[in-house]
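Breakdown of the fold
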Amino acid sequence: MDRGAGTIKQRFESEAMPHLTELLRTATRVMGDRGRAEDVVQETFLQAWKSFDRFQSGTNCRAWLYKILFHSIHHYRRKWFRLAVMQPMDEYTEATAAYTPPIPELLTDEDLLAALEKIPREFRAVMLLVDVEEFAYKEAAEILNVPIGTVMSRLSRGRKAMRDLLVSREVAR
Amino acid sequence: MNADCQRALLNLDLEIDAAEAEWQDGHLLGCEACRTEADRRDRVRAGLQRAVKSTPVDVTFEQRLRGSLARPSFLRQWRAFAAAAVVLISAGLYWIGPVIESRVRESAYFQVLPETVSRIMRVGLSDHVHCAAFRKFRKPPVAEELPAAFRPVLAHIPAGYSVAAAHECKTQGRPFVHFVLRGAGEKTVSLVMARKQRGETFANSALRRVAGSAVFTEDVPRFQIAGFEAESYLVFVVSDMTGEQNQQLAFTLAGPVTALLNRLV
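One structure accompanies this document, and this report is about it. Remember, predicted model here, so these are calculated numbers, not experimental data.

1. Points about the pattern of salt bridges
Residues and elements named next belong to chain B.
- Going through the model one piece at a time under the given rule, you end up with 21 salt bridges over all chains.
- The shortest N-O distance in the salt bridge between Asp42 and Arg45 comes to 2.5 Å. Here Asp42 pairs with Arg45, and both are found in helix α3 (residues 32-53), just three residues apart, close to one helical turn.
- A salt bridge links Arg208 to Asp219; the shortest N-O distance between them is 3.4 Å. Of this pair, Arg208 sits in strand β4 (residues 208-209) while Asp219 is found in strand β5 (residues 216-219), placing the two residues 11 residues apart along the sequence.

Encoded structure:
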């Protein structure tokens with residue numbers, strides 16, 4: 001960090017670096033692969049560092065980092081595989097939206113993470129932002145660059161899929 | 001479940017204003033079923049948060065990242081230039097060479113392709129020859145990054161084969177969705193999908209139908225090819241397996257692939 005301005009370095013240290021671990025955890029859950037997650041988080045922090053002199057102190061650094069993170073994830077995937085746009089999302093939703101099953105009483109971390117892993121990536125990303133990292137819907141919409149209505153519908157569908165998966169896992173025991 | 005319960009359950013997934021929150025609190029106070037459901041959902045959310053946040057991370061990553069950030073920018077730039085130069089030179093040796101070789105072999109293949117090969121089979125054949133037959137794939141996709149919609153289809157890939165590449169591509173100006181499978185001995189299988197163009201169908205062709213099914217085949221040099229169609233797509237299985245194996249694979253894939261393609265917009 002040789003940017004000359006010690007204050008920038010200090011600000012980056014105090015405002016950006018504390019979010020490293022949570023970004024890495026989120027990226028790992030979204031990408032499903034630790035190595036690729038490290039690639040995008042490294043890219044995120046390099047980008048953030050390069051443009052940190054333009055970042056306004058006092059605004060939401062965490063949300064800004066997440067926006068860069070999801071941009072990096074999107075770019076990383078788009079480089080070599082763009083077929084996801086063809087997923088018949090609505091049909092998936094219809095198939096899972098009709099019924100609310102009871103959620104098992106005992107939920108282990110393993111159950112929850114295994115279920116999360118099976119949820120379509122678009123839904124999973126919103127769940128990670130809203131349910132895990134507690135971003136407001138508006139912030140999640142800005143991070144993912146989608147309308148707020150899309151955030152709400154993906155969240156609802158993701159949560160529903162999660163409940164279904166937890167029930168089916170319980171039934172399978 | 002009455003209308004109030006439906007409203008309350010719907011609210012659980014929404015950001016609601018103060019007035020609606022007041023109504024929601026009132027409903028939950030008086031409705032045990034909804035309260036129980038809200039508690040369960042809160043428990044899942046809290047559990048998910050705990051599970052994700054307690055996942056261990058590689059502590060050396062922060063050190064490596066700090067090392068990367070700490071490099072002076074001129075050094076980073078110098079390294080970037082040096083890396084770019086190495087990449088360019090390596091690309092010449094590592095990528096461009098095989099690509100040129102692949103293009104030469106592709107061109108040679110089509111020069112000797114008999115004119116009697118049907119136009120419709122040339123669609124799938126062209127993409128297989130362009131993208132798969134003579135190409136090396138160095139970084140296969142991880143299962144997680146394959147589109148979920150295609151997983152039921154990929155469940156039918158032959159034993160011993162794995163996905164070497166999956167991409168959207170363009171050959172002779174026409175877009176394709178292309179899965180390339182590789183097996184032992186560099187055996188290659190392409191599953192090629194292309195939107196139909198005007199009048200394209202196997203139905204009225206003079207091609208051989210496989211065992212009375214909707215799968216068609218034709219003799220082409222070097223490869224085995226079989227095709228079938230969905231409402232808006234042509235699908236081809238092209239490989240260097242035996243003719244029987246290729247037809248059997250096309251036959252196996254026809255159901256799930258057609259069902260999937262017919263659901264796409």
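That covers the picture; the talk isn't over yet.
2. What to know about helix α4 (residues 59-70) of chain B
All names here are of chain B.
- In this model α4 runs 17 Å from its N-terminal to its C-terminal C-alpha over 12 residues, within 8% of the 16 Å that 1.5 Å per residue would give.
- Taken as a whole, α4 has its buried residues at Phe61, Leu65, Ser68 and Leu69. Down the axis of α4, the sector holding all buried residues measures 95 degrees, keeping them to one side. Away from its buried face, by an angle of more than 90 degrees, α4 presents the exposed residues Val59 and Gln63.

3. Overview of the nonpolar core
- Counting residues in hydrophobic clusters, the biggest one holds 62 residues, and the most contacted among them are A:Phe12, A:Phe45, A:Leu69, A:Phe70 and A:Met162.
- Among the elements that line this core, the one with the most residues is helix α4 (residues 61-78) of chain A, at nine residues.
- With sequence-adjacent residues up to four places away left out, A:Phe45 is seen in contact with A:Phe12, A:Ala16, A:Met17, A:His19, A:Leu20, A:Leu23, A:Leu65, B:Leu65 and B:Leu69.
- One finds B:Val153, B:Val163, B:Val210 and B:Ala250 within the second-largest nonpolar core, a separate group that totals 29 residues.

Reading guide: rules and limits
- Residues numbered from 1 in each chain as written.
- Chains lettered and ligands numbered in written order.
- Predicted model: local features only at pLDDT ≥ 70, side-chain atom pairs only at ≥ 80, totals over all residues.
- Heavy atoms only, no water.
- Salt bridge = Lys/Arg side-chain N within 4 Å of Asp/Glu carboxyl O.
- Helix = DSSP H or I, 4+ residues; strand = E, 2+ residues; numbered from the N terminus.
- Expected span 1.5 Å × (residues − 1).
- Buried < 20%, exposed > 50% of the residue type's maximum accessible area, 1.4 Å probe, protein only.
- Arc of directions from axis to C-beta.
- Core = buried A, V, L, I, M, F, W, Y, C linked by side-chain atoms within 4.5 Å.
- Contact = heavy atoms within 4.5 Å.

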